[in-house]
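If you want the building blocks of each chain, they are given just below.
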Amino acid sequence: MANQKKYLIANWKMNLGIKESIQLSTAIKNGFKKSWRSAIEVVLCPSYLSLPAVSEVINKTAIKLGAQDVFWHDQGSYTGEISPIMLTEVGSEYIIIGHSERRQYLCETSKIINQKIIHCLSHSLIPIVCVGETAAEHHRGDQHQVIIKQINAAFSTVKVKKTNRVIIAYEPVWVIGSGQALAPESVEEINQLIRHLLGDIYGREIATNNFSLIYGGSVGSSNIQSFLRLDNIDGALIGNASLKSQEFLNIMELTITV
Ligand code: PGA
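The rules behind these values
Residues numbered from 1 in each chain as written. Predicted model: local features only at pLDDT ≥ 70, side-chain atom pairs only at ≥ 80, totals over all residues. Heavy atoms only, no water. Helix = DSSP H or I, 4+ residues; strand = E, 2+ residues; numbered from the N terminus. Rg over C-alpha atoms; globule rule 2.2 N^0.38 Å. Buried < 20%, exposed > 50% of the residue type's maximum accessible area, 1.4 Å probe, protein only. Phe/Tyr/Trp six-rings, centres within 6.5 Å; stacked < 30°, edge-to-face > 60°. Core = buried A, V, L, I, M, F, W, Y, C linked by side-chain atoms within 4.5 Å. Polar contact = N/O pair within 3.5 Å; in protein donor to acceptor, adjacent residues only side chain to side chain. Expected span 1.5 Å × (residues − 1). Contact = heavy atoms within 4.5 Å. Pairing = 2+ DSSP bridges. Axes fitted to C-alpha atoms, helices over the stretch in contact; angles between N-to-C directions. Right-handed = clockwise from strand over helix to strand, strands pointing away.

S.K.: I'd like a description of the overall build of the protein chain, backed by residues and values.
M.R.: Each helix and strand in the protein chain was counted, giving 11 helices and eight strands. For 258 residues, the compact-globule estimate of 2.2 N^0.38 gives 18 Å, and the C-alpha radius of gyration of the protein chain, at 17 Å, lies within 12% of that figure. A principal-axis box enclosing the C-alpha atoms of the protein chain has dimensions of 45 × 45 × 35 Å. Buried positions account for 51% of the 258 residues belonging to the protein chain.

S.K.: Mind laying out the packing of aromatic side chains, listing which residues take part and the relevant values?
M.R.: Per the counting criterion, the structure on display carries seven aromatic pairs. By way of ring pairs, the aromatic residues Phe71, Trp72 and Tyr78 are connected into one cluster.

S.K.: Can you break down the nonpolar core residue by residue, with the values?
M.R.: If you look at the biggest cluster of nonpolar residues, it comprises 66 residues, and the most contacted ones within it are Leu44, Phe155, Ile168, Ile194, Tyr215, Phe248 and Met252. The leading source of residues in this core is helix H8 (residues 184-202), at seven residues. The next biggest cluster of nonpolar side chains, apart from the first, holds 13 residues, and it includes Tyr7, Tyr94, Ile96 and Cys130.

S.K.: With reference to specific residues and values, describe the side chain of Gln225.
M.R.: Locating Gln225 in the fold gives a position in helix H10 (residues 224-228). A distance of 2.9 Å separates a polar side-chain atom of Gln225 from the backbone oxygen of Leu254.

S.K.: Help me get a handle on helix H5 (residues 110-122), residues and values and all.
M.R.: Helix length check: H5, at 13 residues, gives a terminal C-alpha distance of 18 Å against a target of 18 Å (1.5 Å per residue), a fit within 8%. Regarding H5, the residues found buried are Ile113, Asn114, Lys116, Ile117, His119, Cys120 and Leu121. Where H5 is buried, its residues meet helix H3 (84-89), strand E4 (92-97), helix H4 (100-105), strand E5 (126-131), helix H7 (143-155) and strand E6 (166-170). Backbone geometry just downstream of H5 places Ser124 in the positive-phi region, at approximately 55°.

S.K.: Go over the sheet that holds strand E2 (residues 40-45), please, and point to the residues and values.
M.R.: As summarised here, the arrangement of the eight strands in space is E1-E2-E3-E4-E5-E6-E7-E8, forming a closed barrel in which the pairing is parallel. Direction aside, neighbouring strands of the sheet carry axes that sit 25° apart on average. Looking at chain direction, strand E1 (residues 6-11) and E2 are connected through six bridges and run parallel. Bridge pairing in E2 links Tyr7 to Glu41.

S.K.: Mind laying out the pairing of E2, listing which residues take part and the relevant values?
M.R.: With six of six residues buried, E2 lies mostly within the body of the structure. Handedness of the E1-helix H1 (residues 18-31)-E2 crossover: right-handed. Examined bridge by bridge, E2 and strand E3 (residues 64-67) share two bridges and lie parallel to one another. Across the sheet, Leu44 pairs through a bridge with Leu65, a residue of E3. Taken together, E2, helix H2 (residues 51-58) and E3 form a β-α-β motif whose crossover is right-handed.

S.K.: Before we move on, could you go through the side chain of Asn223 and cite the residues and values that matter?
M.R.: Take Asn223: it is sitting in the loop between strand E7 (211-216) and H10. Ignoring anything within four residues of it in the chain, the contact list for Asn223 reads Ala181 and Ser218.

The values reported here are purely geometric and, on their own, carry no functional implication.
Shown next, in the form of structure tokens:
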């Protein structure tokens, strides 16, 4: 596997102002046990505005910083956008790309997602690429087709070097924020498919060593262990449950004991 540590990635979405982000990251930092360092990679992804403040809170700890999006040029006339260089400067090592909420509300296309991944990797940032089917696609039984299309569109032109790391988050759109996660076996089935597709694109070695596959969608302390017990799940992307410090710390503790 790319990284023996389990990823626990907190996606705070458009929640929490700067003050609240400082409070939450401080509580997480204070609750994070030193002995967890070798077993979990915890990544906090606050809003752009809170990145510098959270970066300062978690500076010199094992907790990592991530952004929720990025633009695909280093600088220039792109009003409102943030470049990988700016994110690196603020201490961000991870970038969420192609979250379904951005695909849905910001009309992010496969081409845009592909460009963002290429640009992230060229700056040695770690992309967390989200894929997943909508409710309608799921009910039609099209989830495999959707995943095949999304993975190929995102990666077929992306060069992955031996030094790059990539995370793919399978997030069925219809379970995000619903409180009802997908059955772990269904996630395992999709992640096996993703691993297979990556093998076709990159060959077995890169697909195994450079890519980590995680799951997202209503993950919390009640179900985290059922996902992490499966072979092809290297962690979780967590929305709502990462907004409460005690719940997120419980998830970490439970991850250690899987
Ligand atoms: P959720 O969100 O944990 O609240 O379902 C996950 C996500 O959208 O990344």
